[in-house]
Amino acid sequence: MTKGAFYNAFKSKENFLLLAVRAYGDMKVDYLKKQLNHQNEKAIDRILNLYIGVFKNQPVQNYIGCMNNNMMSEIGSSNELISKTTAFEFEKLLTVIEPVAQEAQKNGDINASINSKSITELFHTTFFGALTRAKSTRDHTQGIATMTLLIQSLKTI
């Protein structure tokens, strides 16, 4: 694409990036729905397996991480539009995960005394931090251990 065609199509580099973040967010929502829809597994296991699966794919994907996480940490603090867009996309992911956390609470597998939105935020924020660490160390195993420990610690006995 020529420079003129690019600016005709997207108006600015920032607008292109915003559209890319939104498209990536929509793709991740679809991915999460598909991964969390295994009704033959307990809800708590579906959540843990979601995160383990992403970490196991990191070596295959050359530790590129997650576009939304990358944009949040690299550009979000210096660009208000990117910050707002990535925060919105993060919230969309939480709305997909939270019903599964609620299901796990209803089934008695996760502590029900903690608000499900707070638990979901804890899961996904911890995941983003562990994913950033996996990228920098090029080692996904600690991310799996972190998410396993977190989810196991919230389980009811």
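J.: Whenever I open this one, the environment of N49 confuses me. Can you help?
T.: With respect to the secondary-structure elements, N49 resides in helix α3 (residues 43-57). The spatial distance from the C-alpha of N49 to the C-alpha of E103 is 15 Å, given a sequence separation of 54 residues.

J.: In this structure, what is going on with the side chain of H124? I would like to understand it.
T.: Turning to its location among the elements, H124 is positioned in helix α6 (residues 116-137). Leaving out residues up to four positions away in the same chain, H124 has contacts with Y51, F90, L93, L94 and I97.

J.: Even after reading the chapter, I still don't get the nonpolar core, so can you show me in this structure?
T.: A general trend in soluble globular proteins is that nonpolar side chains are found buried together. Grouped together as the largest cluster of nonpolar side chains are 35 residues, with contacts concentrated most on I47, Y51, F55, F123 and F127. Listed by contribution, the elements that provide at least two residues to this core are α2 (13-36), α3, α5 (80-106), α6 and α7 (141-154). Per element, the largest residue contribution to this core is nine residues, and it comes from α3. In contact with I47, other than residues within four places in its own chain, are L36, V100, A101, F123 and I151. If you look at the next biggest cluster of nonpolar residues, it comprises five residues, including L18, V21, M71 and I82.

J.: When you look at α6 in this model, what are you seeing that I'm missing?
T.: In an α-helix, one turn spans 3.6 residues, which is why side chains three or four residues apart end up on the same side. With 22 residues, α6 extends 31 Å from end C-alpha to end C-alpha; this agrees with the ideal 32 Å at 1.5 Å per step. On the buried face of α6, the contacting elements are α3, α4 (67-74), α5 and α7. Measuring from the side-chain oxygen of the N-cap residue of α6 to the backbone nitrogen of K117 gives 2.7 Å; that N-cap residue is N115.

J.: Is there a simple way to explain the pattern of salt bridges in this structure?
T.: Once the charged atoms of two side chains with opposite charge are near each other, the side chains can pair. Counted by the stated rule, this structure contains six salt bridges. For K92, the salt bridge is made with D26, and the minimal N-O distance between the two is 2.6 Å. Linking K92 in helix α5 with D26 in helix α2, this pair joins segments that are 66 residues apart in sequence. K92 sits in the buried class, given a relative accessible area of 19%. Judged by relative accessible area, D26 falls into the partly exposed class, the value being 41%.

J.: Help me out: how do you make sense of the confidence of the model for the protein in this one?
T.: In regions of low pLDDT, the predicted coordinates are not meant to be interpreted in detail. Confidence in the prediction of the protein, expressed as mean pLDDT, is 94, and 100% of residues score 70 or more. Per-element averaging of pLDDT across the protein places helix α1 (residues 3-10) at the bottom with 87 and α3 at the top with 97.

Quick notes on the rules
- Residues numbered from 1 in each chain as written.
- Predicted model: local features only at pLDDT ≥ 70, side-chain atom pairs only at ≥ 80, totals over all residues.
- Heavy atoms only, no water.
- Helix = DSSP H or I, 4+ residues; strand = E, 2+ residues; numbered from the N terminus.
- Contact = heavy atoms within 4.5 Å.
- Core = buried A, V, L, I, M, F, W, Y, C linked by side-chain atoms within 4.5 Å.
- Buried < 20%, exposed > 50% of the residue type's maximum accessible area, 1.4 Å probe, protein only.
- Expected span 1.5 Å × (residues − 1).
- Polar contact = N/O pair within 3.5 Å; in protein donor to acceptor, adjacent residues only side chain to side chain.
- Salt bridge = Lys/Arg side-chain N within 4 Å of Asp/Glu carboxyl O.
- pLDDT = per-residue confidence, 0-100.

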